Amino acid sequence: MMGNIKHPQPEKIPQHVAIIMDGNGRWALSRGKPRLAGHRAGTENLRRIIQASVEFGVKYLTIYAFSTENWGRPPAEIKGLMHIFENVIDKELNELHKEGVQLRHIGRLEKLSPKLRKKVLGAIELTKENNKLILNIAFNYGGRDEIVYAIQKMITEGVSPEEVNIEMMSQYLFTAGTPDPDLVIRTSGELRTSNFLIWQSAYAEWYITPTFWPDFDKEEYGKALKTYATRDRRFGGVSEEHYE
Ligand code: IPE
Ligand code: IPE
Ligand code: MG
């Protein structure tokens, strides 16, 4: 397919960065602290990375904060994580709003407490006109669950089999309207997706660093973006220089 050669060179700064914020527990453990201290340090870091995203010119940032599988953790840790999420909204919302950040949520809100759900919906409503940075928070998110939910919706709405295609599928996901991630970053060195954006990341570039999330600072983030800029994204085609 000659057409693929003409695929436009991607912008050097990824439009959409998605981050698996992993390693909070090990960060804490290595300091002799409880795991929840690691989660708190992780949220402190998130503020810095949001700020850096705005500075670097990233338009969409999606962060994996709580997976559908994380319900399998000890109840005290789950409770702590819910609490931290609530606190973050209470403490950071006004500042984020002032900075022009639009908050969105991907995943299922149903399973969260009514109080937390209300806070999330309030934050989405307050910031919906902002456009400096779109911040998708994946909380109670799972890629498989997202696909199952999309199919359920299609069936409920009476979509016929012939109508189903890749474009339509994308429109039924929580990320509808958001471009696919260009770059997925995973901290703490694990080499797996852990059910994050499994549909959307089909052609994302991956960057994995051994650094634990609370230590992943602006400099490390810059390094990830620099590495991204050297990648040759071919999307299954052939790039110009490899074509005689
Ligand atoms: C990531 O850190 C945050 C969440 C999954 C909520 P972890 O809690 O997974 O930290 P590690 O992987 O155990 O070090
Ligand atoms: C992925 O990290 C989920 C989040 C970062 C929220 P996990 O720590 O839950 O993933 P596994 O268990 O190592 O695959
Ligand atoms: Mg982990």
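Here we summarise the structure given alongside this text. Nothing here was measured: the structure is a model prediction, and the numbers come from that model. Residue positions are given per chain, counting from 1 as you read along its sequence in written order. Throughout, the order in which chains and ligands are written sets their labels, letters from A for the former and numbers from 1 for the latter. Given that the model is predicted, a residue must reach a pLDDT of at least 70 before its local features are reported, and side-chain atom pairs must reach 80 or more before they are shown or counted; all residues, however, enter totals for whole chains, interfaces and linings. Side-chain descriptors were evaluated using all non-hydrogen atoms of the structure, hydrogens and water having been removed beforehand.

Side note on the site of ligand 1
Close to ligand 1 lie 13 residues; Asp-22, Gly-25, Arg-26, Arg-35 and Arg-73 are nearest. What qualifies as a polar contact is a pair of N or O atoms within 3.5 Å, subject to a donor-acceptor requirement within protein and to the restriction that residues adjacent in sequence count only when both atoms come from side chains. In this structure, Gly-25 approaches ligand 1 through a main-chain N or O atom, which is 2.9 Å from an oxygen atom. A distance of 2.7 Å separates an oxygen atom of ligand 1 from a polar atom in the side chain of Arg-73. Calculation of accessible area relied on Shrake-Rupley with a 1.4 Å probe; when residues are assessed, cover is drawn exclusively from the protein chains displayed. Calculation on ligand 1 without its partners gives an accessible area of 380 Å², and the protein chains cover 87% of this total. A per-element tally of the shell around ligand 1 places helix H1 (residues 24–29) first, with 3 residues. A per-class count over the shell around ligand 1 returns 3 nonpolar, 5 polar and 5 charged. A single heavy atom is enough: if one lies within 4 Å of a molecule or strand, its residue is considered near that molecule or strand. Helix numbering and strand numbering both begin at the N terminus, where a helix is a DSSP run of H or I of at least 4 residues and a strand a DSSP run of E of at least 2. For this classification, the nonpolar set comprises Ala, Val, Leu, Ile, Met, Phe, Trp, Tyr, Cys and Pro, the charged set comprises Asp, Glu, Lys and Arg, and every other residue, Gly included, is treated as polar.

Quick word on the nonpolar core
Val-17, Ile-19, Leu-61, Ile-185 and Tyr-221 are the most contacted members of the largest nonpolar core, which has 38 residues in total. In terms of residue count, helix H3 (residues 75–98) provides more of this core than any other element does, 7 residues in total. Contacts are residue-level and defined by heavy atoms, with any inter-residue pair within 4.5 Å sufficient. When sequence neighbours within four positions are dropped, the list of residues in contact with Tyr-221 reads Val-17, Ile-49, Ala-52, Ser-53, Phe-56, Val-58, Leu-61, Ile-185 and Phe-216. With 10 residues, the next largest nonpolar core counts Tyr-64, Tyr-141, Val-184 and Phe-196 among its residues. The term nonpolar core refers to a set of buried residues drawn from Ala, Val, Leu, Ile, Met, Phe, Trp, Tyr and Cys, joined through side-chain atoms within 4.5 Å. Summary of the burial criterion: residues with accessible area below 20% of their type's maximum are buried, those above 50% are exposed, and those between are partly exposed, where the area comes from a 1.4 Å probe applied to protein chains only.

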